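Descriptive analysis of the structure
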Amino acid sequence: MRDYKLGVIGDPIDHSLSPKIHNLFAKETEITIDYQPYHVLPENLDSFIKDFFINGGDGLNVTLPHKINCLRSARDLSPLVKLIGAANTLTYSRSSEEIVAESTDGEGLLGDLIDKFKLFSKNETNVLILGAGGAALSIIPSIEYASLGDIILDNRSQEKIQSLINRFDNDDKSNYGFPSKKISHRLYNIDNFDRDIDLVINATSAGFSGPFKWHRELNVNSKTAFYDLSYSSSEEKTPFLEWASQYSDNYYDGFGMLINQAALSFTLWTGSSPDTEITKADLFND
Ligand code: ATR
């Protein structure tokens, strides 16, 4: 079996957990990889990606701030990437000799939601997404694909909500490249939604900047589940989950999504699906 030349590009890149995660995957699947973190400045992005793949690179993860501009270097954009306008995984296709761009964030989240909350399987699940930036955009198609319920959007700046809804509200009811299933677009501005919410996802970038606050009361109760796309390095709650815990004890941070989206990238590059049972202790306790 050949060695895979892989890496992650970002600016900054020092704190990326991807090298550690992929090396754990490699060990477990007995695949040999050389996975490096690369600090790439925006002005060097195009040339770096080109050189990496010309010099035998197999795959790159892409993190901030390059998730949108990396598309300039890819010839083949997946339907999902075309829709959300961003990617986190670049793969070199030896057959077409082209760089292929994919986004594994949404599917990575979905896998964790199903795993943690056993959602979406049979019951209608209404999902409220807080935030209307790139993170919200990248997860909406997967939620839309999986959910039997409605998707509700709220954001601190109200004007961004409608433009996000409009992005999905078109005549092309395609399935974004997911296996065949008709997606019916049911995205609501929170102002037009008065039923119970089953799951609240924090897709804001509020992160660890202080106690989490939301500008309005939400229609949640003790049965509502809460999920934070951010994660902490310990068992301590993120500020969002600290806030959520006043309503419900059914909440998780985004650590599982982090591992799942990485596993999906690993599979795109190597064809092998690694075990995703990595714990915080595996990554944070050296
Ligand atoms: P990302 O790519 O991480 O989504 P982004 O595109 O800059 O980053 O979007 C950040 C999102 O987090 C926005 O929805 C932002 O709200 P505004 O549109 O009102 O700026 C939201 N956000 C950031 N900090 C926040 C905070 N402290 N409270 C609530 N929302 C916040």
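As a reminder, the structure under discussion sits directly above these lines.
Residues numbered from 1 in each chain as written. Predicted model: local features only at pLDDT ≥ 70, side-chain atom pairs only at ≥ 80, totals over all residues. Heavy atoms only, no water.

1. Some details on the sheet that holds strand β2 (residues 33-39)
Strand order across the open sheet formed by six strands is β2-β1-β3-β5-β6-β4, with mixed pairing between neighbours. Only two strands of the sheet have a single neighbouring strand rather than two, namely β2 and β4 (76-77). Both strand β1 (residues 4-10) and strand β3 (residues 59-62) contribute to a ladder of four bridges, which runs parallel. Across the sheet, the residue bridging to Gly 7 is Leu 60, located in β3. Helix-sheet contacts for helix α8 (residues 255-270) involve β1, β2, β3, β5 (89-93) and β6 (98-102), and the interaxial angle to β5 is about 5 degrees. (Pairing = 2+ DSSP bridges. Helix = DSSP H or I, 4+ residues; strand = E, 2+ residues; numbered from the N terminus. Contact = heavy atoms within 4.5 Å. Axes fitted to C-alpha atoms, helices over the stretch in contact; angles between N-to-C directions.)

2. Examining the site of the ligand
Close contacts around the ligand come from 13 residues, with Ala 132, Ala 135, Asn 155, Ser 157 and Lys 160 the closest. Taking Ser 157, its side chain carries an N or O atom lying 2.4 Å from an oxygen atom of the ligand. Coverage of the ligand by the protein amounts to 69% of the 640 Å² it exposes when considered alone. Looking at side-chain class alone, the shell around the ligand contains four nonpolar, seven polar and two charged residues. (Near = heavy atom within 4 Å. Polar contact = N/O pair within 3.5 Å; in protein donor to acceptor, adjacent residues only side chain to side chain. Areas by Shrake-Rupley, 256 points an atom, 1.4 Å probe, with all protein chains shown as cover. Nonpolar A, V, L, I, M, F, W, Y, C, P; charged D, E, K, R; others polar.)

3. Quick notes on the nonpolar core
Residues Leu 109, Ile 129, Leu 153, Ile 201 and Tyr 227 are the most contacted members of the largest nonpolar core, which totals 30 residues. Secondary-structure elements contributing two or more residues to this core are α3 (79-84), α4 (105-117), β7 (127-130), α5 (134-146), β8 (151-154), α6 (159-168), β10 (199-202) and β11 (225-228). Take this core: its biggest share by element is six residues, from α5. For this core, the domains that each give at least three residues are domain 1 (4-103 + 257-284) and domain 2 (106-253). Ranked by size, the runner-up nonpolar core spans 20 residues in total, among them Leu 6, Leu 17, Phe 25 and Leu 283. (Core = buried A, V, L, I, M, F, W, Y, C linked by side-chain atoms within 4.5 Å. Buried < 20%, exposed > 50% of the residue type's maximum accessible area, 1.4 Å probe, protein only. Domains from an automatic or database assignment.)

That's the geometry; what it means functionally is another story.
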